[in-house]
Amino acid sequence: MAHAPLYSKVPTLADELDIVIPTIRNLDFLEMWRPFFEKYHLIVVQDGDHTRKVQVPAGFDYELYNRKDIERILGDKASCISFKDSACRCFGYAISKKKYIFTIDDDCFVAKNPQGEDIDALEQHIKNLLSPSTPHFFNTLYDPYTEGADFVRGYPFSLREGAPTAISHGLWLNIPDYDAPTQMVKPRERNVRYVNAVLTIPKGTLFPMCGMNLGFNRDLIGPAMYFGLMGDGQPIGRYDDMWAGWCCKVICDHLGLGVKTGLPYIWHSKASNPFVNLKKEYKGIFWQEDIIPFFQNVKLSQESKTVQECYLELSDKVRAGLGKLDPYFDKLATGMQDWIACWDMLNPPAKSHAAHGLPNGKA
């Protein structure tokens, strides 16, 4: 008997989802996304020069925060939010009051499927997040909750309810998300393969999370979605989303949550400069040979039952386990703790969005 899809019509979640966009430029790219994004609230996090006015196309409901806003709202903890790096987007995660977040980069356009139809990336992320994951046993027919698929023979019936999905990790056509050395040796390579599949990343397996096309359940994993200390004044860049992914995956595994990857695709339009990227990445390329084993082996205690508790325990383990690698990791551990303090300040129980006196613009 075929497993019926959970939703014949996918809910829009228009009142339950915010779109977070980090940027240093005008958001003209939103015109392409208008049919899919116009019904949602946008949180724009402006990086760089705070005196520059970012133009948002008319008709979008949005709030915009620059560095001065972040410093005003977070006070002496504002240093935990990166500057001159897209990692600043995580401020939008903390300031949101919605259950779900979709974040996208401003050089990502609407992709087309093999039939030539525009892909509604947000609809697919919602499908992924509203259906369970299968982290405890791998289903060889991909996502069994998708229309036309099911659990294959031999899949334990006791595990077919799955686990709540915390993260939906989308992919990209055109410009692949490569590191600088790979960019240098394959400067003309483009991803032209559209693979119609969604997979759950198994428990105990890490992955390199990319933040340019990402959805997540803020209630389930939000406090762990911290993009670290990157960019201005830091010895490393372009590891922000991967750091968040490693932390989130360890915590998801500990709390019994799922992470999906695959559909939806977006069209990544612009290749960044590999020589600039190498300057940002080169320490991380060496450090990751220690960072990855650290995350593969780290164990959280049974006393850590909430995401915040898990994240604070993980910050202590980062300080103890990676601090000897470079003083940066001691600073990063403090940033992780400050992030949780900011999250809790902005998200106290039973307080409304308006209680913080936050700007809420509508263009």
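Residues numbered from 1 in each chain as written. Predicted model: local features only at pLDDT ≥ 70, side-chain atom pairs only at ≥ 80, totals over all residues. Heavy atoms only, no water.

Colleague: I keep staring at the side chain of Thr134 and nothing clicks. Help me out?
Modeller: Checked against the element boundaries, Thr134 lands in the loop between α4 (121–130) and β6 (165–174). Contacts of Thr134, omitting those with residues within four sequence positions, involve Pro144, Tyr145, Phe151, Tyr155 and Thr200. (Helix = DSSP H or I, 4+ residues; strand = E, 2+ residues; numbered from the N terminus. Contact = heavy atoms within 4.5 Å.)

Colleague: Please explain unusual backbone geometry as it appears in this structure.
Modeller: Glycine aside, negative phi is the norm for most residues, and most peptide bonds take the trans geometry. A cis amide bond links Leu263 with the next residue in sequence, Pro264, at an omega value of 10°. Look at Leu13: it is not a glycine, yet its phi comes out positive at around 55°. The residue Leu13 is located in the segment before β1 (17–23) in this model. At Tyr142, a residue that is not glycine, the phi angle is positive and equals roughly 65°. Of note, Tyr142 is situated in the loop between α4 and β6.

Colleague: Which parts of the structure should I look at to understand the UniProt feature "glycosylation site" (unreviewed entry) in the protein chain?
Modeller: The positions UniProt marks with the feature "glycosylation site" (unreviewed entry) are Arg153. Of note, Arg153 is situated in the loop between α4 and β6. For Arg153, a relative accessible area of 84% corresponds to the exposed category. (UniProt positions renumbered as here; feature names shortened; annotations may be inferred. Buried < 20%, exposed > 50% of the residue type's maximum accessible area, 1.4 Å probe, protein only.)

Colleague: Teacher, can you tell me more about the pairing of strand β9 (residues 258–268) here?
Modeller: In regular strands, side chains alternate between the two faces of the sheet. By the criterion of burial, β9 is predominantly enclosed, with ten of the eleven residues buried. Where strand β5 (residues 108–109) meets β9, two bridges bridge the pair, whose relative direction is antiparallel. If you follow Cys108 over to β9, its bridge partner there is His268. Direction of pairing for strand β7 (residues 198–200) relative to β9: antiparallel, over a ladder of three bridges. Looking at the pairing, Thr200 lines up with Lys260 of β9. (Pairing = 2+ DSSP bridges.)

Colleague: What is the right way to read the packing of aromatic side chains from this model?
Modeller: Aromatic ring pairs: the centre-centre distance and the angle between the two ring planes describe each pair. In the structure shown here, the tally under the stated rule is 20 aromatic pairs. Here Tyr93 and Phe227 contribute two aromatic rings whose centre-to-centre distance is 5.7 Å and whose plane-to-plane angle is 70°, an arrangement assigned as edge-to-face. Residue Tyr93 is found in helix α3 (residues 90–95), and its partner Phe227 is found in the loop between α6 (218–221) and α7 (240–255); the two are separated by 134 residues along the sequence. Phe227 carries the same exposure label as Tyr93, and that label is buried. For the ring pair Tyr239 and Trp246, a centre distance of 6.5 Å and an interplane angle of 50° mean the geometry is tilted. Taken as a pair, Tyr239 and Trp246 share a single burial class, namely buried. Among the aromatic residues, ring-to-ring pairing joins Tyr239, Trp243, Trp246, Trp287, Phe294, Phe295, Tyr328 and Phe329 into one connected group. (Phe/Tyr/Trp six-rings, centres within 6.5 Å; stacked < 30°, edge-to-face > 60°.)

Colleague: Teacher, can you tell me more about the pattern of salt bridges here?
Modeller: When the charged atoms of two side chains lie near each other, side chains of opposite charge can form a pair. The tally for this structure, following the rule as stated, stands at 16 salt bridges. A salt bridge links Asp106 to Arg25; the shortest N-O distance between them is 2.8 Å. Of this pair, Asp106 sits in the loop between β4 (100–104) and β5 while Arg25 is found in the loop between β1 and α1 (30–37), placing the two residues 81 residues apart along the sequence. Given a relative accessible area of 33%, Arg25 falls into the partly exposed group. Residues Asp76 and Lys77 are paired through a salt bridge, measuring 4.0 Å at the closest nitrogen-oxygen approach. Salt bridges sharing partners connect three or more residues here, namely Glu31, Arg34 and Glu38. (Salt bridge = Lys/Arg side-chain N within 4 Å of Asp/Glu carboxyl O.)

Colleague: I tried to follow helix α2 (residues 67–74) on my own but got confused; where do I start?
Modeller: Because each turn of an α-helix spans 3.6 residues, side chains separated by three or four positions in sequence point in the same direction. The set of residues buried in α2 consists of Arg67, Asp69, Ile70, Ile73 and Leu74. On an axial view of α2, the arc spanned by its buried residues comes to 160°, and they lie on one face. On the buried face of α2, the contacting elements are β2 (41–46), β3 (61–65), α3 and α10 (327–346). Residue Asn66 occupies the N-cap position of α2, its side-chain oxygen lying 3.0 Å from the main-chain nitrogen of Lys68. Backbone geometry just downstream of α2 places Gly75 in the positive-phi region, at approximately 60°. (Arc of directions from axis to C-beta. Polar contact = N/O pair within 3.5 Å; in protein donor to acceptor, adjacent residues only side chain to side chain.)

Colleague: Looking at this structure, I do not really get the environment of Trp246. What am I missing?
Modeller: Topologically, Trp246 is positioned in helix α7. Counting along the chain gives 37 residues from Trp246 to Met209, while the straight-line C-alpha distance between them is 7.7 Å. Among all residues touching Trp246, those that are not within four sequence positions of it are Leu206, Phe207, Tyr239, Ile291, Ile292 and Phe295.

Colleague: What is the right way to read the UniProt feature "site: Required for activity" (unreviewed entry) in the protein chain from this model?
Modeller: In the numbering adopted here, UniProt assigns the feature "site: Required for activity" (unreviewed entry) to Arg153 and Arg160. In this fold, Arg160 is placed in the loop between α4 and β6. With sequence-adjacent residues up to four places away left out, Arg160 is seen in contact with Tyr145, Phe151, Val152 and Tyr155. At 2.8 Å, the side chain of Arg160 and the backbone oxygen of Tyr155 are in polar contact.

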